[in-house]
Amino acid sequence: MTHPPRSHLRLVSGDAGGLETSAPGLQRTAWTADELMATTFPEPKWAVPGLLAEGVNLLAGPPKVGKSWLSLGLGLAVASGGKAFEAIDVAPGPVLYLALEDTPRRLQSRMRKMLAGRPAPAALTLSTYCPTLTDGGDEAIGRWLERHPDARMVVIDVFAKVRGKAPVGLSAYDADYTAMSRVKHLADAYGVAIVLVHHVRKMASEDFLNTVSGTNGIAGAADATLVLSRARGTADGMLQITGRDVDEAEYALSFQPACGAWHLLDGPPEDHTLTETRAAIVRYVRANPGSNPKSIADGTGLSYDNVRKTCPRMAADGQLLADAAGRYRTPDSDRTETVPAVPAVPDHPLTCENATDRQGHPSLPGVTAVPVQHNAADGPGIPPTKQAPGPHPTQEVHPS
């Protein structure tokens, strides 16, 4: 199928910088240098400001770490215009969630826990089946996007379920890159954020990108890669992110099992994984860069002797930076924001009770989704679930 190009990418009259193009309506791929510099491009559309921009976003993590809870929570937040991670305001818009390892009953159970009595957003479409990309899956997703031109996000949980068979003769790297390129074509053509839930390899690595399962063609083709892992200490998880439109960063997260919600914790992960003494020093120095051990001790209530010995050790470990005069600052103090900043979280502890009724947190509009049997003859969209024989066939959640 032919995807409608975004307006600033449509071919215009002329020779497009000397590169002949004969097919009308294709995305423009060439400019002369002066044309390119004179072109005004729209800013990237953010599904979650500072974290998820339009393009292919790879969300990887080990089994049972909570990737599906996280991605479903993001889907509910974006579809309703609520708060991602109970901290980041997101603009509302249609979301397609392909829960390819779940059943409707499990999805309903999880959403009931997450919504806690609030109505479910009608802008969230859920489906438990999608063909592989090589068998028409990209066209099925494209049809949904055409019916929802204001869509903000598509979640594919998990990528392995839709990537399909690799073309014969390709290397492992080329096969991975080709599969990712199919998804990227969709994301670029429709200007939407596509989140691919993926796994990490068992082997640990100092570079979190190297933990992503598969070859470098997987992470290399993605516009952004996010790795969810379990952090040491008090944080339940750590989200590491890098990409073309996002700043490389790390965030500490807390998981609330009672409501199935991931919360963004205040401050970077080291605040929640360091010893109590080091965490107190980091928090004070971040708020007061250029502090010496005496002022740190006075500001934190720690003993001066303890601070005087601990600060040099923290500098040796890369947790603090020191100048020649013995004044300290945090490594992130020189960071320049080039993307929407991830906001600080509220200064009061979040629980399942206050996370949903906090002042300023909008309720989730819409109607409760009901699992129904879908007939493929009803029109284009995500095909119905292929029911297996047995006493408990699954039903597809009807696409809206």
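Residues numbered from 1 in each chain as written. Predicted model: local features only at pLDDT ≥ 70, side-chain atom pairs only at ≥ 80, totals over all residues. Heavy atoms only, no water.

A. Local environment of the overall build of the protein chain. Across its full length, the protein chain carries eleven helices and 15 strands. Here the protein chain holds 400 residues, and 46% of them are scored as buried. Sequence separation of at least 24 residues holds for 64% of the intrachain contacts in the protein chain that already meet a minimum separation of 6. Of the roughly 19600 Å² that the protein chain leaves accessible, carbon and sulfur atoms contribute 52%. (Helix = DSSP H or I, 4+ residues; strand = E, 2+ residues; numbered from the N terminus. Buried < 20%, exposed > 50% of the residue type's maximum accessible area, 1.4 Å probe, protein only. Contact = heavy atoms within 4.5 Å. Areas by Shrake-Rupley, 256 points an atom, 1.4 Å probe, with all protein chains shown as cover.)

B. Region of interest: the layout of surface pockets. Its volume calculated, the second largest pocket comes out at about 410 Å³. If you trace the second largest pocket, you find 19 residues lining it, with Pro63, Lys64, Gly66, Ser68 and Arg110 closest to the centre. (1 Å grid on protein atoms, 1.4 Å probe; cavity = no way out; pocket = protein on both sides within 12 Å on 5 of 7 lines; lining within 4 Å. Points joined across faces, edges and corners; volume = space filled by probe spheres on them.)

C. Up close: empty space enclosed by the protein. What the rule picks out here adds up to six cavities of 30 Å³ or more. Looking at the second largest cavity, its volume works out to about 70 Å³. In terms of lining, the second largest cavity is formed by Val48, Leu51, Leu52, Leu59, Leu70, Leu74, Phe85, Val195, Leu226 and Leu239. Partitioning the lining of the second largest cavity into residue classes produces ten nonpolar, no polar and no charged. (Nonpolar A, V, L, I, M, F, W, Y, C, P; charged D, E, K, R; others polar.)

D. Highlighting the packing of aromatic side chains. Applying the stated criterion to the full structure yields four aromatic pairs. Three or more aromatic residues link up through ring pairs in this structure, and these residues are Trp69, Phe255 and Trp262. (Phe/Tyr/Trp six-rings, centres within 6.5 Å; stacked < 30°, edge-to-face > 60°.)

Shape is all these values report; function is a separate question.
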